[in-house]
Amino acid sequence: MTVEEVGDDYTKDGTVDLRGNPVRRSIRGRWKACSFVVVYEVFERMAYYGISSNLVIYMTTKLHQGTVKSSNNVTNWVGTSWLTPILGAYVADAHLGRYITFVISCAIYFSGMLVLTLSVSIPGIKPPECSAANAENCKKASVLQLAVFFGALYTLAIGTGGTKPNISTIGADQFDVFDPKEKTQKLSFFNWWMFSIFFGTLFANTVLVYVQDNVGWALGYGLPTIGLAISISIFLMGTPFYRHKLPTGSPFTKMARVIVASIRKAKAPMARDLTRFHELPLPDYERKGAFPILPTPSLRFLDRASLKTGTTHQWNLCTITEVEETKQMLRMLPVLFITFVPSMMLAQTNTLFVKQGTTLDRKITGNFSIPPASLGGFITLSMLISIVLYDQVFVKITRKFTGNPRGVTLLQRMGIGLIFHILIMIVASVTERYRLKIAADHGLIHQTGVKLPLTIFVLLPQFVLMGMADSFLEVAKLEFFYDQAPESMKSLGTSYSTTSLAVGNFMSSFLLSTVSEITKKRGRGWILNNLNESRLDYYYLFFAVLNLVNFFLFLVVVRFYVYSAEVTDSANEKEETKVIDNNNE
């Protein structure tokens, strides 16, 4: 390469190697680096869903917990697993960087998986054995056994807090948005990222769940632990090829400074002249591989934070870019709130949907029976197929009409997913009503442990539809929060997506307990230990109405949402920014 070619080969987005040196795009990053990240995710998701998919069955059959308690324990743990990424994103963005935070979190994650496997394997630590026929007289797990089991679960949850928000961001960081070719490649990254995730999930929902139900929990949890060890090893092998972004300071502190400064200057008269607002010289940003963000008309109250009033203390004066970064994160909050309800629906797939399957005929041929949690594999298959069709067919067709490289906007894609969620709960309600009718027709309403003469595949439509909904909503949600977050807060933006799932699971726990208690007091309970005596059809219909109301709120949010300009747009506005810099000087 000539000197000029080598200069052009360096990335322009501020990425560096682990020693802080600039990197060349021909050596690091792109799909070469992403291949390690994607393969890691296949094995890691196999490990995570190998635990979560069938957890409600373990708590029911081994810990002998009822429907509400076991479901809530699952959703509370899953909620914690999706909430801790906020802490992981903070540590990555403010202190250690994404790579170091990720590696340390992997060690915590693996230790939790290892102890969890031991807690279901070693006599004295694992719960006492008990036959299904004598379930009512089973000896309960001791305090020590519960402490080890749940301690391992929540250690695992802490570990995922540092891996989940950073691994997808590390993958996205391998593409330089200032290079036209890499920018195009990045558009499809999140689709194929989700595609890789659900390969691992499919294996967990089929092979691992079958092993847990038919071979044993020791091997059923041991295999995911081995899978996690493999995934971490694969990620570390790709270290020489990764691009890294340096920590840029705490996003929470930056946002707090903007809010405090704007409040302190609430009575200061607003100015229209840009020279009255504080901004750093353009070279200060270019040295970091960044660009200033131009002022926007939304949330104008916050503009006072960058208004020059004489004092230069950091809690009294912020830059225009810091104000705009805060605006971007705040503008996404209404969208985040809208995603809570569909996240509640996802929580049902690992709890009540699985519990329904335990009451149905699971036999396929001879002595082979499908585990109830394996129906989750159809969510995966449906999503895999839907993503491919979306990327290869839907986008190409809609692009001709809209001119949008994505086919439709991210919020429009999310809206289609929300419509699917309404349909899912209507179908689930109708299916459950039919299941209850079969139980009544055969005099099995008050029977426990007796399978209904109805195939488990009657539940298939709600699982398949959930996969289709995920291909629209979940993919768009992840891409939206990453895309709309400012460059210095990408990990925090990604954690918005995980926060959505966390709150959805906690809300599911709250609603399940509340509805169960209220309906039991008023007569026939909607959620009982014996599902044949329950009215899950009413509960699902309630969810359908909740999703409908949520969709109308979503339309209002979309009406007022303004997309953030891409960072490359700021790069194209250098001349205007230079005018501001010259005036500031």
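Quick notes on the rules
- Residues numbered from 1 in each chain as written.
- Predicted model: local features only at pLDDT ≥ 70, side-chain atom pairs only at ≥ 80, totals over all residues.
- Heavy atoms only, no water.
- UniProt positions renumbered as here; feature names shortened; annotations may be inferred.
- Helix = DSSP H or I, 4+ residues; strand = E, 2+ residues; numbered from the N terminus.
- Rg over C-alpha atoms; globule rule 2.2 N^0.38 Å.
- Buried < 20%, exposed > 50% of the residue type's maximum accessible area, 1.4 Å probe, protein only.
- Contact = heavy atoms within 4.5 Å.
- Areas by Shrake-Rupley, 256 points an atom, 1.4 Å probe, with all protein chains shown as cover.
- Lys, Arg positive; Asp, Glu negative; His and termini not counted.
- Charge placed at Lys NZ, Arg CZ, Asp CG, Glu CD.
- Domains from an automatic or database assignment.
- Axes fitted to C-alpha atoms, helices over the stretch in contact; angles between N-to-C directions.
- Parallel < 35°, antiparallel > 145°, perpendicular 65-115°, else oblique.
- Left-handed = near helix turned anticlockwise from the far one by under 90°.
- Nonpolar A, V, L, I, M, F, W, Y, C, P; charged D, E, K, R; others polar.
- Salt bridge = Lys/Arg side-chain N within 4 Å of Asp/Glu carboxyl O.
- Polar contact = N/O pair within 3.5 Å; in protein donor to acceptor, adjacent residues only side chain to side chain.
- Phe/Tyr/Trp six-rings, centres within 6.5 Å; stacked < 30°, edge-to-face > 60°.
- Lys NZ or Arg CZ within 6 Å of the ring centre and 35° of its normal.
- Patch = residues over 30% accessible without salt bridge, like charges linked within 9 Å, V, L, I, M, F, W, Y side chains within 5 Å.

As annotated in an unreviewed UniProt entry, the chain is Major facilitator superfamily (MFS) profile domain-containing protein from Eutrema salsugineum. Listed under Sequence similarities (unreviewed entry) in UniProt, the entry text for the chain is "Belongs to the major facilitator superfamily. Proton-dependent oligopeptide transporter (POT/PTR) (TC 2.A.17) family." Recorded under Subcellular location (unreviewed entry), the UniProt text for the chain is reproduced unchanged: "Membrane".

A.B. asks: Please explain the overall build of the chain as it appears in this structure.
C.D. replies: Broken down by element type, the chain carries 23 helices and 4 strands. What you see for the chain is a C-alpha radius of gyration of 26 Å, in line with the 25 Å of a compact globule of 585 residues. Taken over the C-alpha atoms alone, the chain extends approximately 85 × 50 × 50 Å along its principal axes. Across the 585 residues of the chain, 55% fall into the buried class. The contacts in the chain between residues at least 6 apart in sequence include a share of 82% that link residues at least 24 apart. About 24600 Å² of surface is accessible on the chain, with carbon and sulfur atoms providing 65% of the total. Separation between the mean location of the 56 positive side-chain charges and that of the 43 negative ones in the chain comes to 7 Å.

A.B. asks: Could you clarify how one ought to interpret the environment of Leu87 in this entry?
C.D. replies: If you trace the backbone, Leu87 turns up in helix α5 (residues 85-96). Classification of Leu87 by relative accessible area gives exposed; the value is 57%. Once the C-alpha coordinates of Leu87 and Ile158 are considered, the two residues, 71 residues apart in sequence, prove to be 9.1 Å apart.

A.B. asks: Please explain the domain arrangement of the chain as it appears in this structure.
C.D. replies: The parts lose accessible area when they come together, and the size of an interface is often stated as this lost area. Segmenting the chain into domains produces domain 1 (18-248), domain 2 (251-325) and domain 3 (331-584). Each of domain 2 and domain 3 was reduced to a C-alpha centroid, and the two centroids are 38 Å apart.

A.B. asks: When you look at the packing of helix α18 (residues 410-441) against helix α19 (residues 460-484) in this model, what are you seeing that I'm missing?
C.D. replies: The description of two packed helices rests on the angle between their axes and on the distance between the axes. α19 packs onto α18 with a crossing angle of 155 degrees between their chain directions and a minimal axis gap of 8 Å. The angle between the axes of α18 and α19 places the two elements in the roughly antiparallel class. Taken as a pair, α18 and α19 cross one another with a handedness that is left-handed. Looking at side-chain class alone, the contact of α18 with α19 contains 20 nonpolar, 5 polar and 4 charged residues.

A.B. asks: What exactly am I supposed to notice about the pattern of salt bridges here?
C.D. replies: Pairing of side chains with opposite charge becomes possible as their charged atoms draw close. Summed over the entire model, instances satisfying the criterion amount to 15 salt bridges. In this structure, the salt-bridge partner of Arg45 is Glu44, at a minimum N-O distance of 2.6 Å. Assessed through its relative accessible area of 3%, Arg45 is described here as buried. We note a salt bridge from Glu324 to Lys327, for which the minimum N-O separation is 3.1 Å. Of the two residues, Glu324 and Lys327 are both situated in helix α13 (residues 320-331); the distance of 3 residues between them amounts to about one turn of the helix. As far as the burial class goes, Glu324 and Lys327 line up, both buried. Three or more residues joined by partner-sharing salt bridges are found here, namely Glu41, Glu44 and Arg45.

A.B. asks: Would you explain the environment of Gly97 in this entry?
C.D. replies: Within the element layout of this structure, Gly97 appears in the loop between α5 and α6 (98-119). Gly97 gets classed as buried once you look at its relative accessible area, which sits at 6%. Along the backbone, Gly97 and Asp179 are 82 residues apart, and their C-alpha atoms lie at a distance of 23 Å. Excluding residues that lie within four positions of it along the chain, Gly97 makes contacts with Val91, Ala92 and Pro247.

A.B. asks: Hey, could you run me through the side chain of Asn505 in this one?
C.D. replies: When you line up the elements, Asn505 lands in helix α20 (residues 490-521). There is a polar contact of 2.8 Å between the side chain of Asn505 and the backbone oxygen of Leu501. Not counting residues up to four positions away in its chain, the partners in contact with Asn505 are Thr75, Val78, Gly79, Trp82 and Ala347.

A.B. asks: I tried to follow the packing of aromatic side chains on my own but got confused; where do I start?
C.D. replies: Two aromatic rings, taken as a pair, are described by how far apart their centres are and by the angle between their planes. Evaluated as defined, the whole model comprises 35 aromatic pairs. Ring centres 5.9 Å apart and planes at 40 degrees place the aromatic pair Tyr90 and Phe252 in the tilted group. Here Tyr90, found in helix α5, pairs with Phe252, found in helix α11 (residues 251-264); they are 162 residues apart in sequence, far enough to count as distant. On the basis of an interplanar angle of 90 degrees and a centroid distance of 5.6 Å, the ring pair of Phe353 and Tyr540 is categorised as edge-to-face. Linking Phe353 in helix α16 (residues 352-357) with Tyr540 in helix α21 (residues 536-560), this pair joins segments that are 187 residues apart in sequence. For Phe353, a relative accessible area of 0% translates into the label buried. Here the aromatic cluster, defined as three or more aromatic residues joined through ring pairs, consists of Tyr40, Tyr99, Phe102, Phe235 and Tyr242. Taking the ring centre of Trp82 as reference, the NZ or CZ of Lys164 above it sits at 3.6 Å. A cation over a ring is seen here: Arg535 above Tyr538, with NZ or CZ 4.0 Å from the ring centre.

A.B. asks: Where do I start with a nonpolar patch on the surface in this structure?
C.D. replies: A contiguous nonpolar surface patch, about 500 Å² in accessible area, is contributed by Leu18, Leu96, Ile100, Ile104, Ile108 and Ile158. In terms of residue count, α6 provides more of the nonpolar patch than any other element does, 3 residues in total. The topology assignment puts Ile108 in helix α6.

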